[in-house]
Amino acid sequence: MTDDRPRVLIVYHHLPHYRSGVFAELERSRDVAYEFAAGTASRDGTIPTIPPTSLRRFFRLANHWLGPFLWQTGLLSVLWRERHHAVVFFGDMKYLSTWVGALLCRWRGQSVLFWAIGWHRPDAGLRKRVRLAFYRLGHKLLLYGHTGARIGTELGYPADRIAIVGNSHISSITATGTRDEIGIEDLDLLLPGVDVDVVTAVVRLTRPKRLDLVVAAAAHLGKTGRKVVVVLVGTGPERENLRRLADDLGVDLRLTGPIYEEEKLRLIYERTSVSVVPVNAGLTAVQSLSHGRPMITSDDEYHRAPESECIRPGQTGGFYVDGSAESLAEVVAEWLDRVRAEPETVAGACRHEVETRWTSSAHAAAINTAVTAALTRPECVS
């Protein structure tokens with residue numbers, strides 16, 4: 001049977017586990033035949049990946065890193081040989097082969113789209129000019145959230161060439177082939193009981209995330225007579241520093257290591273009262289809400305990831321004064337009280353937010369709408 005759907009190639013750096021849901025949904029599209037091209041491992045090997053065999057049509061690329069810059073060997077030959085109707089590139093301006101690939105596609109009359117976070121904060125000088133020049137190579141810019149779109153238009157990028165597609169998070173151990181460090185029984189013993197106030201962060205343990213503020217906020221609450229257990233799910237260079245800080249401040253800190261298996265994540269969120277990532281709470285915010293747990297992060301929009309738009313103050317979480325452990329403690333205490341008083345109401349609001357915008361199906365539908373529009377009415381770059 002002949003497939004007469006237009007062929008669209010999605011070019012990614014690798015196949016991260018958290019994209020398994022949206023990739024699967026895109027492959028189910030009735031309008032477009034999506035295909036994929038990527039490297040087969042993350043840069044440092046720490047991010048589990050989707051097996052290429054789980055995708056119907058996959059082109060293997062070889063990633064060559066030069067500091068922050070990437071060249072994907074094999075990309076240009078795929079673009080030249082396969083003649084896709086449109087190409088959706090991972091929109092990172094440090095990917096040098098993407099510049100060349102986008103120019104090649106435009107020269108051949110193919111629609112070009114960039115799938116990107118976009119602007120976290122306003123650019124200036126050379127960085128501003130280079131990013132605008134890069135994004136202008138595309139007919140459409142697919143951004144995660146409205147803050148990035150607003151900043152981009154204020155810097156001069158055409159608003160009518162931006163589509164907000166949201167984001168989604170589904171990670172399956174069967175998709176990644178990676179095993180967690182801890183078994184379900186040991187995890188059950190490590191986690192606090194159900195009657196304890198638990199603050200959780202499922203995130204890489206790195207300094208920019210400011211997880212030290214979570215420990216400091218727990219210590220502040222302890223001084224007021226409120227015992228809080230902190231659970232950090234992940235690994236990273238700050239692990240031992242956070243452990244030492246917790247010991248110094250007398251905070252009950254539980255470190256589980258990285259967790260990807262859904263059964264274990266469910267157990268973690270069942271024992272969680274509220275999730276906190278002080279800076280750049282990205283997909284972990286969506287993940288937390290999908291399990292019915294509210295999320296707290298910074299009130300500084302430049303210290304928030306696009307996915308933080310799922311946090312609706314008073315409904316699905318809250319914002320603390322950026323950098324203040326005391327403010328974080330106050331907001332955490334407010335949500336601990338509310339979760340205890342109205343557990344079903346809070347959980348329902350969190351899940352409803354995810355279902356309306358942040359599921360894999362909603363994410364894929366938004367992308368597919370933008371792609372279909374680009375296929376039928378490609379815009380010209382001035």
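Further up the page is the structure itself.
Quick caveat: nothing in here was measured; it's all calculated off a predicted structure.

The rules behind the values
- Residues numbered from 1 in each chain as written.
- Predicted model: local features only at pLDDT ≥ 70, side-chain atom pairs only at ≥ 80, totals over all residues.
- Heavy atoms only, no water.
- Helix = DSSP H or I, 4+ residues; strand = E, 2+ residues; numbered from the N terminus.
- Rg over C-alpha atoms; globule rule 2.2 N^0.38 Å.
- Buried < 20%, exposed > 50% of the residue type's maximum accessible area, 1.4 Å probe, protein only.
- Contact = heavy atoms within 4.5 Å.
- Areas by Shrake-Rupley, 256 points an atom, 1.4 Å probe, with all protein chains shown as cover.
- Axes fitted to C-alpha atoms, helices over the stretch in contact; angles between N-to-C directions.
- Parallel < 35°, antiparallel > 145°, perpendicular 65-115°, else oblique.
- Left-handed = near helix turned anticlockwise from the far one by under 90°.
- Nonpolar A, V, L, I, M, F, W, Y, C, P; charged D, E, K, R; others polar.
- Pairing = 2+ DSSP bridges.
- Right-handed = clockwise from strand over helix to strand, strands pointing away.
- Core = buried A, V, L, I, M, F, W, Y, C linked by side-chain atoms within 4.5 Å.
- Phe/Tyr/Trp six-rings, centres within 6.5 Å; stacked < 30°, edge-to-face > 60°.

The next subject is the overall build of the chain. What the chain contains, in helices and strands, is 14 helices and 15 strands. Expected size for 382 residues packed as a compact globule is a radius of gyration near 21 Å; at 22 Å, the chain falls within 12% of this value. Overall size of the chain, expressed as C-alpha extent along the three principal axes, is 65 × 45 × 40 Å. Looking at the chain as a whole, 55% of its 382 residues qualify as buried. Considering only contacts within the chain whose residues lie at least 6 apart along the sequence, 70% involve residues at least 24 apart. Total accessible area on the chain is roughly 16,600 Å²; 53% of this is exposed by carbon and sulfur atoms.

Moving on: the packing of helix α1 (residues 20-27) against helix α14 (residues 360-376). How two helices pack is summed up by the angle between their axes together with the distance between the axes. Viewed as axis vectors pointing N to C, α1 and α14 meet at an angle of 55 degrees, and their least axial separation amounts to 8 Å. In terms of their interaxial angle, α1 and α14 are classed as oblique. In terms of crossing hand, the pair formed by α1 and α14 is right-handed. For the pair formed by α1 and α14, the contact residues are Gly21, Val22, Glu25 and Leu26 on the first element and Ser360, Ser361, His363, Ala364 and Ile367 on the second. Across the contact of α1 with α14, the residue classes break down as 4 nonpolar, 4 polar and 1 charged.

All right, on to unusual backbone geometry then. Non-glycine residue Arg83 carries a positive phi angle of around 55 degrees. Residue Arg83 is classed as exposed on the basis of its relative accessible area, which comes to 52%.

So, about the sheet that holds strand β6 (residues 86-90). For sheets, the rule is that strands pair by backbone hydrogen bonds, running either parallel or antiparallel. A sheet is described by the order of its strands in space; here 7 strands give the open sequence β3-β2-β1-β6-β7-β8-β9, paired in parallel fashion. Looking at strand neighbours, the two that pair on one side only are β3 (58-60) and β9 (162-164), the edges of this open sheet. For this sheet, the mean angle separating the axes of adjacent strands, direction not counted, is 20 degrees. The pairing of strand β1 (residues 7-11) with strand β2 (residues 33-38) spans 5 bridges and is parallel. Among the inter-strand pairings, Val11 is bridged to a residue of β2, identified as Ala37. Contacts from α1 reach β1, β2 and β7 (111-116) within the one sheet, and its direction differs from that of β2 by about 140 degrees. The strands that helix α2 (residues 75-82) touches are β1, β3 and β6; relative to β1, the one it contacts most, it runs at about 175 degrees.

Here the focus is the pairing of strand β14 (residues 295-298). Judged from the 2 bridges that link them, strand β13 (residues 274-276) and β14 form a sheet pairing that is parallel. Within the sheet, the bridge partner assigned to Ser275 lies in β14 and is Met295. Note on the crossover from β13 through helix α11 (residues 283-290) to β14: the handedness is right-handed. Pairing analysis gives 4 bridges linking β14 to strand β15 (residues 317-320), with the strands arranged parallel. Looking at β15, one finds that Ile296 is bridged to Gly318.

The biggest cluster of nonpolar side chains holds 46 residues, and the ones touching the most others in it are Leu211, Leu232, Ile296, Leu328 and Val332. When residues in this core are grouped by element, the largest group, 9 residues, is from helix α12 (residues 325-341). Sequence-distant contacts of Val332, that is, excluding residues within four places in its chain, are made with Val199, Leu221, Val274, Val276 and Ile296. Among the nonpolar cores identified, the runner-up in size contains 30 residues, and Ile10, Ala38, Leu55 and Trp115 belong to it.

With that out of the way, let us pick up the sheet that holds β15. Reading across the sheet, the 6 strands line up as β12-β11-β10-β13-β14-β15 and stay open at both edges, with parallel pairing between neighbours. For this open sheet the edge positions go to β12 (252-255) and β15, each flanked by a neighbour on one side alone. Within this sheet the neighbouring strands show an average axis-to-axis angle of 25 degrees, counted without direction. Across the sheet, α12 lies against β10 (198-202), β13, β14 and β15, angled at about 165 degrees from β15, the strand it touches most.

On to the packing of aromatic side chains. For the structure on display, the rule yields 16 aromatic pairs. Measuring from centroid to centroid gives 5.6 Å for Tyr12 and Phe23, while their planes differ by 90 degrees, and the two rings are edge-to-face. Separated by 11 residues along the polypeptide, Tyr12 in the loop between β1 and α1 and Phe23 in helix α1 bring together distant segments of the chain. Assigned by exposure class, Tyr12 and Phe23 land together as buried. Consider the rings of Tyr12 and Trp115, whose centres lie 5.4 Å apart with planes at 65 degrees: the pair is edge-to-face. With Tyr12 in the loop between β1 and α1 and Trp115 in strand β7, this pair connects stretches of sequence that are 103 residues apart. Through a chain of ring-to-ring contacts, three or more aromatic side chains come together here, namely Tyr12, Phe23, Phe36, Trp65, Phe90, Tyr95 and Trp115.

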